[in-house]
Amino acid sequence: MTATVIGGTPQTVPGRAGRALAELGDRVVMCGIYDEAGSLIYDDLSRNDTHEVRELIGLVRRRPGPVLELAAGTGRLTMPLLAAGKDVTALELERSMLDLLRARLQQAPGRLRERCTTVEGDMTSFALDRRFGAVVLGTTSISLLDEEGRTALYGTVRDHLAPGGAFLLSTTYPTSGSTQDEIRIDMLGASGRLYHLHEHWSPRTGTRTVTLHAAELSEGPVHVCTSTVAAIPADLLEDELVSAGFRVNARHTLRTGGDRHESVLLEAEVETR
């Protein structure tokens, strides 16, 4: 079973971003955020992104044993987890992302590289011959899955947690009463390149469309990376986790840099009976 993705790559970009890009005509080359072209932009931006890192590291340090990181991407959380002294198994479905993570590990000090195992696999369906003190699913990656995919994920995580181990996952969703459904943020990549990140929330569908492209639109093709994912409230995830046999121990509010949405990190354990 492969992960069931809510969005994919829309042929049209909603809102003001779509109208601006339409003026570029056939210069626009659409791609997904996690494909070969998009993963390079994602990696550039993620290296400067510290969202949820401090909170996750603090919680993981309380748990003995190795860490399983799901949807590891290009290593935004992998590298800090290794630096914190943890043995990490980093699982990622997209080959382009995994290749960038492996290249990054090759450039890392041996003491970090030796403690990381990379696995190409689907977070909803995998079997590893070990159990972990913590399973981490950050970067709101839970939003990539529909209800069926999340149910499969919970079962697989439960099978890989050591006794007393923690499942740590984050989610982002619109703030109650928020009327701002669209925003553009300028973000600087590790390379020094500036990007425009557009967020478009759809209350009707309960989804969030993220669109990325370079701020400097030189002559020639303009790569535009976009993905539409579910905006899943923490209350819903808590209910699903309880139904899947977990106990939610804590809900940690994460800093977002604004009031347009809430970002929450859930800390859960397998319920013992």
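Residues numbered from 1 in each chain as written. Predicted model: local features only at pLDDT ≥ 70, side-chain atom pairs only at ≥ 80, totals over all residues. Heavy atoms only, no water.

Student: Looking at this model, I keep getting lost on the pattern of salt bridges. Mind explaining?
Tutor: Where charged atoms from two side chains of opposite charge come close, those side chains can pair. Enumeration according to the criterion identifies 15 salt bridges in this entry. Salt-bridge contacts for Glu55 lead to Arg54; the nearest nitrogen and oxygen are separated by 3.5 Å. Classification of Glu55 by relative accessible area gives buried; the value is 15%. Glu271 is the partner of Arg247 in a salt bridge, and the nearest nitrogen-oxygen pair spans 3.1 Å. Linking Arg247 in strand β11 (residues 246-253) with Glu271 in the segment after β12 (261-270), this pair joins segments that are 24 residues apart in sequence. Using a relative accessible area of 29% as the deciding quantity, one classes Glu271 as partly exposed. Three or more residues are tied together by salt bridges with common partners; here these are Arg63, Arg247, Glu267, Glu269 and Glu271. (Salt bridge = Lys/Arg side-chain N within 4 Å of Asp/Glu carboxyl O. Buried < 20%, exposed > 50% of the residue type's maximum accessible area, 1.4 Å probe, protein only. Helix = DSSP H or I, 4+ residues; strand = E, 2+ residues; numbered from the N terminus.)

Student: How should the packing of aromatic side chains be read in this particular structure?
Tutor: Both the distance between ring centres and the angle between the ring planes are used here to describe each pair of aromatic rings. With the rule as written, the count across this model stands at two aromatic pairs. Taking the centre distance of 6.0 Å and the plane angle of 65° together, the rings of Tyr34 and Tyr42 count as edge-to-face. Centre to centre, the rings of Phe167 and Phe246 are 5.8 Å apart; their planes meet at 45°, and the pair counts as tilted. Placement of Phe167 in strand β6 (residues 161-174) and of Phe246 in strand β11 is noted, with a sequence separation of 79 residues between them. Residue Phe167 shares its accessibility class with Phe246, and that shared class is buried. (Phe/Tyr/Trp six-rings, centres within 6.5 Å; stacked < 30°, edge-to-face > 60°.)

Student: Even after reading the chapter, I still don't get unusual backbone geometry, so can you show me in this structure?
Tutor: The phi angle of most residues is negative, glycine excepted, and most peptide bonds adopt the trans form. With a phi close to 70°, Glu52 is a non-glycine residue in the positive phi region. Mapped onto the secondary structure, Glu52 falls in the loop between α2 (36-46) and α3 (53-60). When its relative accessible area of 2% is taken as the criterion, Glu52 is described as buried. The backbone of Thr139 shows a phi angle near 55°, a positive value even though the residue is not glycine. Secondary-structure assignment places Thr139 in the loop between β5 (132-137) and α7 (147-160).

Student: So what exactly am I meant to see when it comes to the sheet that holds β12 here?
Tutor: The sheet built from seven strands is open, its strands ordered β4-β3-β2-β5-β6-β12-β11 with mixed pairing. What marks the edges here is a single partner per strand, and that holds for β4 (116-120) and β11. Averaged over all neighbouring strand pairs, the angle between strand axes comes to 20°, with direction disregarded. Along the sheet, helix α8 (residues 234-243) makes contact with β6, β11 and β12, crossing β11 at roughly 160°. (Pairing = 2+ DSSP bridges. Axes fitted to C-alpha atoms, helices over the stretch in contact; angles between N-to-C directions. Contact = heavy atoms within 4.5 Å.)

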